[in-house]
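Survey of secondary and tertiary structure
Each chain, letter by letter, is given below.
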Amino acid sequence: MHKLNLFRSALILVSLFITALLMFAVVSLFLVPDVKDVWHNIFSREMIFSLKLSVLTGLMSTFLVMVFSIPIGYALSRFTFTGKGFVKTIIDLPVAFPELVLGLCLLLLFGNTWLGKAFDSLGLNFVFTKKGVVIAQFFTALPYASRIMKSTFDYIDPRMEFVSRSLGYSMPETFINVSLPLARNGVLASAVISFARCIGTFGTVLILAGGTYMKTEILPITLYLNISYGNMGMALTSGIVLAVVSFIAIYIFEKAELVL
Amino acid sequence: MSFFSVENLNINLGEFKLQQVSFDLDRMDYLTVIGPTGAGKTILLESIIGFWQPDEGRIYIEEQDITNEPPEKRRIGIVYQDYALLPHFTVYENIAYGLKKKQKQGIKEKVHEIAISLNIDHLLHRMPLTLSGGEQQRVALARALIVEPRMLLMDEPLSALDPKTRRETRGLLRHAIERFGTTVIHITHDMEDVWSLANKVAIFKDGCMLQFGALEDVFNRPKSEFIAEFVDATILKGMVRENRDGISIIDVNGFKLTSLDDATPGEKVRVAIRPEDIIVAREVPRDISAHNVLEATLEMIVREGKTSSLKLRVRDSLITVLVANSTLHRLDLKPGDRIYAVIKGANVRIV
Ligand SMILES: Nc1ncnc2c1ncn2[C@@H]1O[C@H](COP(=O)(O)OP(=O)(O)OP(=O)(O)O)[C@@H](O)[C@H]1O
Ligand SMILES: [Mg+2]
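Keep in mind that this is a model prediction, so the values were computed, not measured.

The rules behind each value
- Residues numbered from 1 in each chain as written.
- Chains lettered and ligands numbered in written order.
- Predicted model: local features only at pLDDT ≥ 70, side-chain atom pairs only at ≥ 80, totals over all residues.
- Heavy atoms only, no water.
- Near = heavy atom within 4 Å.
- Polar contact = N/O pair within 3.5 Å; in protein donor to acceptor, adjacent residues only side chain to side chain.
- Areas by Shrake-Rupley, 256 points an atom, 1.4 Å probe, with all protein chains shown as cover.
- Nonpolar A, V, L, I, M, F, W, Y, C, P; charged D, E, K, R; others polar.
- Buried < 20%, exposed > 50% of the residue type's maximum accessible area, 1.4 Å probe, protein only.
- Helix = DSSP H or I, 4+ residues; strand = E, 2+ residues; numbered from the N terminus.
- Pairing = 2+ DSSP bridges.
- Right-handed = clockwise from strand over helix to strand, strands pointing away.
- Patch = residues over 30% accessible without salt bridge, like charges linked within 9 Å, V, L, I, M, F, W, Y side chains within 5 Å.
- Salt bridge = Lys/Arg side-chain N within 4 Å of Asp/Glu carboxyl O.
- Contact = heavy atoms within 4.5 Å.
- Buried area = accessible area lost by both parts, 1.4 Å probe.
- Phe/Tyr/Trp six-rings, centres within 6.5 Å; stacked < 30°, edge-to-face > 60°.
- Disulfide = S-S within 2.5 Å.
- Domains from an automatic or database assignment.

Residues and elements named next belong to chain B. Neighbouring residues of ligand 1: L13, F16, T37, G38, A39, G40, K41, T42, I43, W52, E156 and H189. Contacts to ligand 1 include G38, whose backbone N or O atom sits 2.9 Å from an oxygen atom. At 3.1 Å from an oxygen atom of ligand 1 is found a main-chain nitrogen or oxygen belonging to A39. When isolated, ligand 1 has an accessible area of 640 Å², and the protein chains bury 61% of it. Within the shell around ligand 1, the residues separate by chemical class into five nonpolar, five polar and two charged.

Shown next as structure tokens:
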């Protein structure tokens, strides 16, 4: 009994220690900078540009991510098909893949290949442009969203869909009438997580879209650029804005999970 | 051609295979499917409804080959054990769901009509998850029946209900089925469902259909010991000794049984006897019409509600007998007693 307690206390202590460390790290972000300074920085031209671009690209990427992750999640959850394992691996790849390398791969793909040229001729140039920011964010967030959507659909009893079809509704109708409404919370959760991922993506964006001042400058880029100029105030401010956005996202996510 | 037929259905799911299932149903037949868990009963139902593509075999309804039709074109309804009501719709919307696809007018009237007949009209505005199991069950039934499916499939529809609710729901179910004239396949583990609803029975085990036929046939003439045990009958093995004008005398491990079924002397046969077809007596009954009076030892008494199941030993054979509990008291039966079992020749069936 005594030994067991010691073991238990040790594990709990480790958890508490790491949690405390993380908490102090985050709290210091809010305590170190001067409030007036932060307030001033938020309304600087650069920060407003960066925040606007972040939110705008974040929303667009999230929309695109959802448009693709819902069908992907549904296909992976409901159907068996040749190459399913392969699809899963490739889509999951960005989770473990270094962001910089992913950015490099996208740069090569959209830079010089026929595919890149095809997109270019449609007016979609992704290299060192704002559209590139969206694409970079899209590929970084897609795996997370697809996973959440897959497990959401896994949890929905396919017999609900069977019943709907036996009552005369086709598969697409059943998807719209039954599967999607039942997946509502999963859709919300995965949109929120995607948005948070998109807003925070740095490496992929840097390589594909470039980190150009007031052009492809999103919050993480602002943080990076200002750190390298030694402009701590601006860097901290972008850090705080990013952190707040993430907290809000996590809060909404937890709320959605609760009712899931 | 029959109203509905399954021909040589084979489905391979890897570890599990549904094998060579064939049967026919007439219009308004009520088939109960029984069998141990994992037998493939649900898979059978879900292949009829169209969610498993058979590897082999065909399914016909009203002379139409529906083997490759999508589920939404089959017009076959399904009711599940856990009801599978759509939780984001009200009860009304659940019931109206299928009807909305079929017609634009008269939906309200029809929903109310069926709701009244199933006694759920007071629940129409509620959300499904706020209903009791019995109420959910009736909603699921209404939802399936309102579109007047060509056939209704039910997977253990009553098994999640308490005994009283189950009996009430069974009654409502029977009325609704009769009113719509629906042909039904009903999976169950409850023999009361079988007795009170079905006119046909199919028994499944390990993906195979062991026996299919009219209720009386399957229960009176189980084709194997497994089925006999499943339907509570006793199966005895013996050899035909004599045949007098179509009446067979069978030697079963040293005692004789007379059966009204025809058989050739010398033939090895199995006979089935239903537990409720046997009478027990304290004394040797005299001057009775029954052919068989067997001396037996009462080995065991198992009480099951109003009745008791007795295990009698006759020589080396065990025979199951069903008696009312009041009989048990009246005859003061105890394990170890010497008693007599009386069986009419007509109830000794060669299978
Ligand atoms: N998608 C599937 N893939 C592979 N095997 C499956 C699948 N679904 C069910 N099975 C297997 O098929 C077998 C038959 O299942 P089924 O659900 O038809 O049994 P059942 O007769 O309905 O049993 P119960 O009385 O417990 O409901 C089981 O062994 C089950 O594990
Ligand atoms: Mg089953």
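Moving on: the pairing of strand β7 (residues 151-155) of chain B. Side-chain direction in a regular strand flips from residue to residue, so the side chains alternate between the two faces of the sheet. All names here are of chain B. Within β7, five of the five residues are buried, which leaves it mostly tucked inside the rest of the structure. Note: strand β6 (residues 76-79) against β7, four bridges, orientation parallel. Following the sheet pairing, I76 is matched in β7 by M151. Note: β7 against strand β8 (residues 183-187), five bridges, orientation parallel. Within β8, the residue paired with M154 across the bridge is H186. Between the parallel elements β7 and β8, the chain passes through helix α6 (residues 163-180) in a crossover that is right-handed.

Residues and elements named next belong to chain B. Backbone geometry places E62, a non-glycine residue, at a positive phi of 45°. In this structure, E62 sits in the loop between β4 (56-61) and β5 (64-65). On the basis of relative accessibility, which here comes to 34%, the residue E62 falls in the partly exposed class. With a phi close to 60°, N119 is a non-glycine residue in the positive phi region. Assignment of secondary structure puts N119 in the loop between α4 (107-117) and α5 (133-145). Judged by its relative accessible area of 42%, N119 falls in the partly exposed class.

Glancing now at a nonpolar patch on the surface. All names here are of chain A. Together, V26, F30, L188, V244, F247, I248, I250, Y251 and I252 make up an exposed nonpolar region whose accessible area comes to about 780 Å². Elements supplying a minimum of two residues to the nonpolar patch: α1 (2-31) and α13 (232-259). Element by element, the count of residues in the nonpolar patch is highest for α13, at six residues. With respect to the helices, strands and loops of the structure, F247 is situated in helix α13. Using a relative accessible area of 44% as the deciding quantity, one classes F247 as partly exposed.

Further remarks concern the interface of chain B and chain A. Counting residues at the interface gives 24 residues for chain B and 18 residues for chain A. The contact between chain B and chain A buries some 1,900 Å² in all, and 66% of this surface belongs to carbon and sulfur atoms. Considering only the surface of chain B that becomes buried against chain A, E72(B), Y97(B) and K101(B) emerge as the three largest contributors, covering 34% of it. At the surface where chain B touches chain A, the tally comes to three salt bridges. Residues D82(B) and R159(A) are paired through a salt bridge, measuring 2.8 Å at the closest nitrogen-oxygen approach. Sorting elements by how many residues they give to the side of chain B that touches chain A places helix α3 (residues 91-102) of chain B first, with four residues. When its residues are assigned to classes, the side of chain B that touches chain A shows 15 nonpolar, three polar and six charged.

Residue and element names in this part refer to chain A. The full count for this structure, using the stated rule, is 18 aromatic pairs over all chains. Ring centres of F68 and F138 lie 5.5 Å apart, and the angle between their planes is 75°; this geometry places the pair in the edge-to-face category. Residue F68 is located in helix α3 (residues 45-78), and its partner F138 is located in helix α7 (residues 130-155); the two are separated by 70 residues in the primary sequence. On the basis of relative accessibility, which here comes to 43%, the residue F68 falls in the partly exposed class. Arranged with centres 4.8 Å apart and planes meeting at 70°, the rings of F110 and F126 form a pair that is edge-to-face.

Inspection of the entire model under this criterion finds zero disulfides over all chains. Take C198(A): it sits in no disulfide, and the sulfur closest to it among the cysteines is that of C105(A), at 19 Å.

Structurally, chain A comprises domain 1 (1-31) and domain 2 (34-258). Centre-to-centre separation of domain 1 of chain A and domain 2 of chain A, based on C-alpha positions: 32 Å.

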